Amino acid sequence: MKKNGKTFIISGPSGVGKSTVLAALFQGREDLYFSVSATTRDPRPGEIDGKDYHFITADAFRAMIGEDAFLEYAEYVGNFYGTPKKYVDEAMAQGKDAILDIEIQGANQVCAKRPETVRIFIAPPSWEELERRLTARGTDSPEKIQKRLLRAKVELESARCYDYLVINDTVEAAVDELRAILQAEHCRPAERIEQLAEN
Ligand code: ADP
Ligand code: 5GP
């Protein structure tokens, strides 16, 4: 019998490198599903609708809330973000691991509903480096960057509640650690004993 996949949450301050590290992790991995969130924020240059996010209006977002279409949703620095439930559940039913790049309020909602979810926090090697990366990305106004940095201070304090903490110093090392975490989570006795019982 085919096993359901697991859900992994990746959180971390804006600009820490979550998208960059996840893009590298997904290379050649048909067994992983990236959960494409819906958001009311504007696309950044290079972002593709349906691949990076589903870019929708506030009205459409509210309609999805009304339809109970979100596994979780939250407001973040003036915009709404939510995880469409349907695709995550479909991917997991196909045996894929679902990877959710979501912030902390959303992570708490998912874990309250699904306590077996694995939470991974990605932290910057230093505060100065986070500020440098946010600025270097060049996609946010100085005002937005300051708001994101303020939010980052609160977020870093929440890292303690996560199951794992990965420091994104180099992309290669961070991806290696993520791969190791995913692999280790599939060696939990409950899953392994079920596998053994099937043999
Ligand atoms: P997030 O998705 O967490 O908001 P991004 O993936 O957009 O962050 O990365 C923010 C910026 O930092 C980008 O310009 C990216 O190229 C850069 N970056 C990401 N990881 C690293 C790293 N390990 N070392 C140096 N720069 C990085
Ligand atoms: P950004 O605007 O930089 O792409 O994302 C801002 C923040 O929103 C990041 O911390 C990201 O993890 C989070 N985020 C993205 N999608 C979702 C989502 O569906 N739900 C929640 N709760 N947060 C999300």
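Since the structure is predicted, the reported quantities are computational estimates derived from the model, not experimental observations. (Residues numbered from 1 in each chain as written. Chains lettered and ligands numbered in written order. Predicted model: local features only at pLDDT ≥ 70, side-chain atom pairs only at ≥ 80, totals over all residues. Heavy atoms only, no water.)

A. Here's a closer look at the site of ligand 1. Residues in contact with ligand 1 amount to 14 residues; listed here are only the nearest, Gly15, Lys18, Ser19, Thr20 and Arg137. Between ligand 1 and Ser19, the relevant distance is 2.6 Å, taken from an oxygen atom to a side-chain nitrogen or oxygen of the residue. Asn168 places a polar side-chain atom, nitrogen or oxygen, 2.9 Å from a nitrogen atom of ligand 1. Protein burial of ligand 1: of its 570 Å² of free accessible surface, 77% is covered by the chains. (Near = heavy atom within 4 Å. Polar contact = N/O pair within 3.5 Å; in protein donor to acceptor, adjacent residues only side chain to side chain. Areas by Shrake-Rupley, 256 points an atom, 1.4 Å probe, with all protein chains shown as cover.)

B. Molecular detail of the packing of aromatic side chains. In the structure shown here, the tally under the stated rule is nine aromatic pairs. Summarising the aromatic geometry, the rings of Phe121 and Tyr162 are spaced 5.3 Å apart at their centres and angled 75° between planes, so their arrangement reads as edge-to-face. You can see Phe121 sitting in strand 8 (residues 118-123) and its partner Tyr162 sitting in the loop between helix 6 (142-158) and strand 9 (164-167), a full 41 residues away along the chain. Exposure class is identical for Phe121 and Tyr162. Each is buried. In this structure an aromatic cluster arises from ring pairing among Tyr53, Phe55, Tyr76 and Tyr81. Positioned above the aromatic ring of Tyr162, the side-chain terminus of Arg119 is 5.4 Å from the ring centre. (Phe/Tyr/Trp six-rings, centres within 6.5 Å; stacked < 30°, edge-to-face > 60°. Helix = DSSP H or I, 4+ residues; strand = E, 2+ residues; numbered from the N terminus. Buried < 20%, exposed > 50% of the residue type's maximum accessible area, 1.4 Å probe, protein only. Lys NZ or Arg CZ within 6 Å of the ring centre and 35° of its normal.)

C. Inspection of the side chain of Asn168 at higher detail. Within the secondary structure layout, Asn168 lies in the loop between strand 9 and helix 7 (171-185). Take Asn168: its relative accessible area is 3%, and that puts it in the buried class. Polar contacts involving the side chain of Asn168 include one to the main-chain carbonyl oxygen of Val16, which spans 2.7 Å. The contacts of Asn168, once residues within four sequence positions are left out, are Val16, Gly17, Val21, Ile122, Ala123, Pro125, Arg133 and Ala174. (Contact = heavy atoms within 4.5 Å.)

D. Here's a closer look at the pattern of salt bridges. On inspection of all chains with the given rule, the structure shows 16 salt bridges. For Arg29, the salt bridge is made with Asp31, and the minimal N-O distance between the two is 2.8 Å. Relative accessible area serves as the criterion here: at 22%, Arg29 is assigned to the partly exposed category. A salt bridge links Glu129 to Arg133; the shortest N-O distance between them is 2.7 Å. In this pair, Glu129 and Arg133 are both assigned in helix 5 (residues 127-137), four residues apart and thus about one turn of the helix distant. (Salt bridge = Lys/Arg side-chain N within 4 Å of Asp/Glu carboxyl O.)

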